[in-house]
Structures are given as structure tokens and as C-alpha cells.
Amino acid sequence: MRKNIVAGNWKMNTLLEDGVELASNINDALKSRKSNCDVVICVPATHLVPVNAVIENGILGLGAENCSEHEQGAYTGEISAAMVASTGARYCILGHSERRQYFGENNEQLLAKTKLALANGLTPIFCVGEVLEQRENGTYNDVVRSQIEALFSLDAEDFAKIIVAYEPVWAIGTGKTATADQAQDMHSNIRRAIASKYGEEIADNTSILYGGSCKPSNARELFSKPDVDGGLIGGAALKADSFMGIIEAFD
Ligand code: PEP
């Protein structure tokens, strides 16, 4: 069966000392209570090594927020999937809407990044989602389907390792959450698209997370939907209390 997962996306937030303290607080909070989901924090690249030193295997997973589409070499400022893996991180967010929008990441680059992440033993958290205009003009299902289809040249064994995150761009950081029914509809469409390419078993086993202004007050309703297997959390992941409040939605 697929896993329930709550993953934090810290984005470009927290200086090193604060980030290490936040990770340590989340780790301690998880140790003192049993959670009914896997928990991951995806942190700025500068924080990966020191955060890894204060979290415990089996309690809290660690991920990066991006990796390069190139294997290695003359790409100043880039961080390769192998470098991410060498820090002890096991996950990598790929295709976040901020990367697509501000850094022009396209399907071809995202496929290359996904292949390198997988080749280096990282689990991609692959983000898809429509912008407001596409929600309003009714093209959102086609848009998201084509974003997920960008990975369909992967073989089944590789695709089965991916976590999908549906994040409607109009809901990210805006305080405007998709309704639980809107999320369920899209998650079930994504699962159907995966089933049509890779079969029911892989589709059933793929964790599909919802992201976009998810918080303790709405997480329980969102996560109660059959195809919503947890959340990718931005703002509410930056405080141990609110992040834990979302994790508790699985209690
Ligand atoms: C995100 O950026 O992945 C996200 C879901 O942000 P927020 O929770 O702040 O909307």
C-alpha cells in the first residue's frame, strides 16, 4: 500500500542556526509521539549536512529542494543529485512551480533531473499544478496530465519510486486552499493517468501529496480524501507547532 507522507518545503527560509534548531525541534516532537505518516523536511542546500547531523534515521527524512539536470562539471552554482545524496539526504523536490515559473524549468530538464535523482538513490517529490488562469478556463486537468506525462518515458521500476505532489499554483502561499473535493478530483485524475501508463498496481502504490496553503485547520479534511496521501507544506512547515499540527491530521 502507498504511504502517507507529510513533507516540508522550507524554500529560501531560515539561516543555518535557526534551520538546525527547527529540524531538531521537529525531530524531538516526532520522537515523543508516534506519527501515522512518514515525515520529511526539504531544506536549503546549505543546511543539508548540519540538519542531517541532528535528525534521526527512521524518525525524520531529509530532502533537498532541487538538483541540477547535469551530472557534474562546469555549471557554476549548481548542485548535482550525487552531491545531494552525499549529504545523507534521501529526497529531492523537483519541478516546484517556483522553479518552473522563476527559473524557466521545462519538462525536458525536469525529466533529466528526475533521472539523475533516481540514479543517485534519491526519491523525487515531483510537483505538478495549474495556474489560476488554467483553473478558470477549465484546462487544468490537461495541464497537470501533461506535466505528469513528462515522466512517462521512465520505466515502471523507476516511476514507482516517485512521490507526486499536486500543488495548484493559485493556492501556494496565498492562503487560498483548494477544497478537499477539488484536490480529490485532481488526485484521482493523476492516479488514472498513472494507471493508464503503468497499470493499476503502480498507480495505487504512488503517494500523491497535496500542497497549497495546507495548515493544521484544513489538513484533516484534505487528508481524509481517498486519493490524498498527505501534504507538501510550505509556510506551515517553518514552525514546529504548525508542522506537527498537520502531521497530527493523520491521527
Ligand atoms: C509549497 O511551496 O510547496 C507550498 C505548498 O507552500 P504553502 O504551503 O506556503 O502554500
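Residues numbered from 1 in each chain as written. Predicted model: local features only at pLDDT ≥ 70, side-chain atom pairs only at ≥ 80, totals over all residues. Heavy atoms only, no water.

Engineer: Got a sec to walk through the overall build of the chain? Specific residues and values, please.
Structural biologist: Per the secondary structure count, the chain includes 12 helices and eight strands. Radius of gyration (C-alpha) of the chain: 17 Å, near the 18 Å computed for a compact globule of 251 residues. Its C-alpha atoms give the chain principal-axis dimensions of about 45 × 45 × 35 Å. Counting the 251 residues in the chain, one finds 53% classified as buried. Residue pairs in contact within the chain that sit at least 24 positions apart in sequence constitute 72% of those at least 6 positions apart. Entry remark: accessible area of the chain is about 11300 Å², with carbon and sulfur atoms responsible for 48%. (Helix = DSSP H or I, 4+ residues; strand = E, 2+ residues; numbered from the N terminus. Rg over C-alpha atoms; globule rule 2.2 N^0.38 Å. Buried < 20%, exposed > 50% of the residue type's maximum accessible area, 1.4 Å probe, protein only. Contact = heavy atoms within 4.5 Å. Areas by Shrake-Rupley, 256 points an atom, 1.4 Å probe, with all protein chains shown as cover.)

Engineer: Account for the layout of surface pockets, with residues named and values stated.
Structural biologist: Its volume calculated, the largest pocket comes out at about 530 Å³. Considering the residues around the largest pocket, the lining is formed by 22 residues, among which Pro44, Ala45, Glu65, Asn66 and Arg99 are closest to the centre. It is helix α4 (residues 97-102) that contributes the most residues to the lining of the largest pocket, three residues altogether. Class assignment of the residues belonging to the lining of the largest pocket gives a composition of 11 nonpolar, six polar and five charged. For the second largest pocket, the calculated volume is near 400 Å³. If you trace the second largest pocket, you find 20 residues lining it, with Asn57, Gly58, Ile59, Leu60 and Gly61 closest to the centre. When contributions to the lining of the second largest pocket are tallied by element, the ones reaching two or more residues are β2 (38-42) and β3 (61-64). The element contributing the most residues to the lining of the second largest pocket is β2, with three residues. (1 Å grid on protein atoms, 1.4 Å probe; cavity = no way out; pocket = protein on both sides within 12 Å on 5 of 7 lines; lining within 4 Å. Points joined across faces, edges and corners; volume = space filled by probe spheres on them. Nonpolar A, V, L, I, M, F, W, Y, C, P; charged D, E, K, R; others polar.)

Engineer: Now, about the site of the ligand: what can you tell me, with residues and values included?
Structural biologist: Around the ligand, the structure places 14 residues, and the nearest of them are Lys11, His96, Glu167, Gly173 and Ser213. With respect to the ligand, the side chain of His96 contributes an N or O atom lying 2.8 Å from an oxygen atom. Interatomic distance of 2.9 Å between a backbone N/O atom of Gly235 and an oxygen atom of the ligand. Tallied by class, the residues present in the shell around the ligand amount to four nonpolar, eight polar and two charged. (Near = heavy atom within 4 Å. Polar contact = N/O pair within 3.5 Å; in protein donor to acceptor, adjacent residues only side chain to side chain.)

Engineer: Lay out the packing of helix α1 (residues 16-31) against helix α12 (residues 240-247) in plain terms, naming residues and giving numbers.
Structural biologist: In the contact formed by α1 and α12, the axes pass within 10 Å of each other and the chain directions differ by 40°. Judged by the inter-axis angle, α1 sits oblique to α12. The crossing of α1 and α12 is right-handed. Counted together, Leu22, Asn25, Ile26, Ala29 and Leu30 of α1 and Ala240, Phe243, Met244 and Ile247 of α12 form the full contact between these two elements. Broken down by class, the residue content of the contact of α1 with α12 amounts to eight nonpolar, one polar and no charged. (Axes fitted to C-alpha atoms, helices over the stretch in contact; angles between N-to-C directions. Parallel < 35°, antiparallel > 145°, perpendicular 65-115°, else oblique. Left-handed = near helix turned anticlockwise from the far one by under 90°.)

Engineer: Can you explain empty space enclosed by the protein? Please cite residues and give values.
Structural biologist: Following the criterion strictly, the structure yields one cavity of 30 Å³ or more and no others. Its volume calculated, the largest cavity comes out at about 30 Å³. Taken together, Gly95, His96, Ser97, Arg100, Cys127, Val128, Gly129 and Glu167 make up the lining of the largest cavity. For the lining of the largest cavity, the elements supplying multiple residues, two or more each, are α4 and β5 (123-128).

Engineer: I'd like to hear about the pattern of salt bridges, residue by residue, with values.
Structural biologist: Tallied over the entire structure, the rule returns 15 salt bridges. In this structure, Arg191 engages Asp229 in a salt bridge whose closest nitrogen and oxygen atoms are separated by 2.9 Å. Here the residue Arg191 occupies a position in helix α9 (residues 180-198), and Asp229 occupies one in the loop between α11 (216-223) and β8 (230-233), the gap between them amounting to 38 residues. Grouping residues by exposure puts Arg191 and Asp229 together as buried. Salt bridges linked by common partners bring Arg2, Arg191, Asp227 and Asp229 together as one network. (Salt bridge = Lys/Arg side-chain N within 4 Å of Asp/Glu carboxyl O.)

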